[in-house]
Amino acid sequence: VTITTRLLVSHLSGIRHYEKDSTKVKEEEEKANRAFQLTKPCKDKEQKEKDGKEIEKTDSIKPRKEHEGEVKSRNSKPGRRDKEFEQEEYYLKEKFESVIESLKIFKNDPLFFKPGDQFLYSTYGFTLLSAVVERVSGQKFTDYMLKMFRDLDMLSTVPDDNEAMIYNRARCYVYNKKGRLVNAPYVDNSYKWAGGGFLSSVGDLLKFGNALLYSYQAGQFKNSNGKLLPGYLKPDTVAMMWTPVPKTEVSWDRDGKYAMGWAVIEKKQQYGCCRQQRHYASHTGGAVGASSVLLILPEELDSEATESGLITPPRGVTVSIICNMQSVSLNSTALKIAREFDKEKWAQ
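None of these values were measured; they are calculated from a predicted model.

Asker: Let's hear about the sheet that holds strand β9 (residues 316-323): which residues, and what values?
Answerer: Sheet architecture is open: five strands sit in the order β5-β6-β7-β8-β9, paired in antiparallel fashion. Bordering the open sheet on either side are β5 (257-258) and β9, each of which pairs with just one other strand. In this sheet, β9 lies alongside strand β8 (residues 290-298) in antiparallel orientation, the contact comprising eight bridges. Note on β9: the bridge partner recorded for Pro-298 is Gly-316. Running at roughly 150 degrees to β9, helix α9 (residues 202-218) makes contact with β8 and β9 of the sheet.

Asker: Account for the nonpolar core, with residues named and values stated.
Answerer: Of all hydrophobic cores here, the largest spans 38 residues; its most connected members are Tyr-124, Leu-212, Trp-242 and Trp-262. Residue assignment for this core shows that the elements contributing at least two residues are α1 (5-9), α6 (123-137), α7 (141-151), α9, α10 (235-241) and β8. Among all residues touching Trp-242, those that are not within four sequence positions of it are Leu-212, Leu-213, Tyr-216, Ala-259, Trp-262, Val-264, His-279, Ala-281, Ile-296 and Pro-298. In terms of nonpolar packing, the next biggest core, distinct from the first, is built from 15 residues, Leu-295, Cys-323, Leu-330 and Ala-334 among them.

Asker: Account for a nonpolar patch on the surface, naming residues and giving values.
Answerer: Together, Val-1, Ile-3 and Leu-111 line one region of the surface with nonpolar side chains, adding up to about 260 Å² of accessible area. Within the secondary structure, Ile-3 is located in the segment before α1.

Asker: Go over α9, please, and point to the residues and values.
Answerer: Taking 1.5 Å of rise per residue, 17 residues should cover 24 Å, and α9 covers 24 Å from first to last C-alpha, within 8% of that figure. For α9, every residue scored as buried is listed here: Asp-204, Leu-205, Gly-209, Ala-211, Leu-212, Leu-213, Tyr-214, Ser-215, Gln-217 and Ala-218. The inward-facing, buried residues of α9 abut α10, β8 and β9.

Asker: Outline α6, supporting the account with residue identities and numerical values.
Answerer: Compared with an ideal rise of 1.5 Å per residue, which puts 15 residues at 21 Å, α6 spans 21 Å between its outermost C-alpha atoms and is within 8% of the ideal. Looking at α6, one finds that the buried residues are Thr-123, Tyr-124, Gly-125, Phe-126, Thr-127, Leu-129, Ser-130, Ala-131 and Glu-134. Here α6 starts with a cap whose side-chain oxygen sits 3.4 Å from the backbone nitrogen of Tyr-124, and that cap is Ser-122. A positive phi of about 75 degrees marks Gly-138, the residue just after α6.

Asker: Talk me through the packing of aromatic side chains; I want residue IDs and the actual numbers.
Answerer: The full count for this structure, using the stated rule, is 14 aromatic pairs. One aromatic cluster in this structure is built from Tyr-18, Phe-85, Tyr-90, Tyr-91, Phe-106, Tyr-124 and Tyr-191.

Asker: Pulling in residues and values, what's your account of the side chain of Ser-190?
Answerer: Mapping Ser-190 onto the fold places it in the loop between β3 (181-183) and α8 (193-196). Taking relative accessible area as the criterion, Ser-190 reaches 0% and is therefore assigned buried. There is a polar contact of 2.7 Å between the side chain of Ser-190 and the side chain of Asp-188. If sequence neighbours within four positions are ignored, Ser-190 has contacts with Glu-94, Lys-95, Phe-96 and Ser-102.

Asker: How would you explain the pattern of salt bridges if you had to name every residue and give the values?
Answerer: Applying the stated criterion across every chain yields a total of 14 salt bridges. Between Lys-104 and Glu-94 there is a salt bridge; the shortest N-O distance is 3.2 Å. Residue Lys-104 is found in the loop between α5 (99-102) and α6, and its partner Glu-94 is found in the loop between α4 (64-74) and α5; the two are separated by 10 residues along the sequence. Residue class for Lys-104 comes out partly exposed when judged on its relative accessible area of 44%. With relative accessibility at 40%, the residue Glu-94 sits in the partly exposed group. Residue Glu-300 is joined to Lys-267 by a salt bridge in which the shortest nitrogen-to-oxygen separation is 3.8 Å. Residue Glu-300 is located in the loop between β8 and α11 (303-308), and its partner Lys-267 is located in the loop between β6 (263-265) and β7 (280-287); the two are separated by 33 residues in the primary sequence. The network of salt bridges with shared partners includes Arg-16, Lys-20, Glu-89 and Asp-109.

Thresholds applied
- Residues numbered from 1 in each chain as written.
- Predicted model: local features only at pLDDT ≥ 70, side-chain atom pairs only at ≥ 80, totals over all residues.
- Heavy atoms only, no water.
- Pairing = 2+ DSSP bridges.
- Helix = DSSP H or I, 4+ residues; strand = E, 2+ residues; numbered from the N terminus.
- Contact = heavy atoms within 4.5 Å.
- Axes fitted to C-alpha atoms, helices over the stretch in contact; angles between N-to-C directions.
- Core = buried A, V, L, I, M, F, W, Y, C linked by side-chain atoms within 4.5 Å.
- Buried < 20%, exposed > 50% of the residue type's maximum accessible area, 1.4 Å probe, protein only.
- Patch = residues over 30% accessible without salt bridge, like charges linked within 9 Å, V, L, I, M, F, W, Y side chains within 5 Å.
- Areas by Shrake-Rupley, 256 points an atom, 1.4 Å probe, with all protein chains shown as cover.
- Salt bridge = Lys/Arg side-chain N within 4 Å of Asp/Glu carboxyl O.
- Expected span 1.5 Å × (residues − 1).
- Polar contact = N/O pair within 3.5 Å; in protein donor to acceptor, adjacent residues only side chain to side chain.
- Phe/Tyr/Trp six-rings, centres within 6.5 Å; stacked < 30°, edge-to-face > 60°.

So, in C-alpha cells, the structure goes:
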C-alpha cells in the first residue's frame, strides 16, 4: 500500500489509534452511529417545527444534539472517565530520544483498512507525520517545532518534558474510580509530540489561531497599498487545510468533516429564517489530566470591506480554552463563546 502525508494529516491512513483490536474499534463506531440515528428523527422533527418562525425565535432554539450535550454535561461530573483513557498506551513512561525511534510502538502492527478507504482518528498517524518532518528537515522534531513557535511568537509553547523546569507549568487532575479528584499519573509524552506532547497557554493558542486566520484572509484584501505583510502561510494553503476531505467524520461535532489537521464546518442554510451554519474550523485536545480546544470563526467579508482598505485582517473570532482536567468536552462551549462575540460585533 501507499500512505501519503495527506492521508496521514486527514486520518485516512489506516494506522491504528491506541486501541489495537480493530473489531473493538468497529463495534464502538457502530454503537455511536446507532445512537446518532436514534436521535436523528427527533432532530428532523424539531427542524421542521422551526420553519415559518421568526428569525429571533429561531436563533434562540438550540440544535438538539447541542442541547443534549448540555444536559449530559450538567448531569455528569467534569473530567468524567472516558473509555479511551483506559488504553494502556496513554500511560507510557518510556523516554524516546527521537520520534523515529518511537515508531517501534506501532510499526509492525497491521493496518485497520486500506489507506484512503476509511476514517480513523490516529495519534500514531501524526507520530509518523512528525517522523517525516524529522527526516526531511534533518533536525529533531522538537527543535524544528520550537523554531516555528518562535516565528509565531508562541514563546510559552514547549514540549511537555518532565525533567525540564517549565515556568508556570500547571498540575493536571483526574477523577479516580471513587469519583475523587486526584493528581494525574506520571506519563512521558515523547512518543507522541505531534499528537499530544506540547504544553501551551491560552495566549499562545490565540496567536496561532490569529496567524492562521490572517493567512487565510490576507489574499482577500486587494487595496492595502502594500501595507499588509504576508501571512505565515499562503492563503491557498490555509484554504486547502480547511477544505473538508471526503470519507471523514468528526466525533466532537457531527456537523463537521475532517480536513487537514482541522475539523471544518461549512457554511450552510437549508431553510429561510431558520438555522444558519457558519463556516468555522476547530480542534479539541485530550491528554492525561488535560483538555483543550481552539476554534476559529472567520468573519464573512464582503467585497466592499475587502476593497475599501479601511479594515485589515484578521477578521473574525478565535476562541481558546485549556483546562487541567481530563475528558472535558469544550467544543460546544467554544462555539457558543464565538457566536456571542460575533453577535456583539454585528450589534455595534
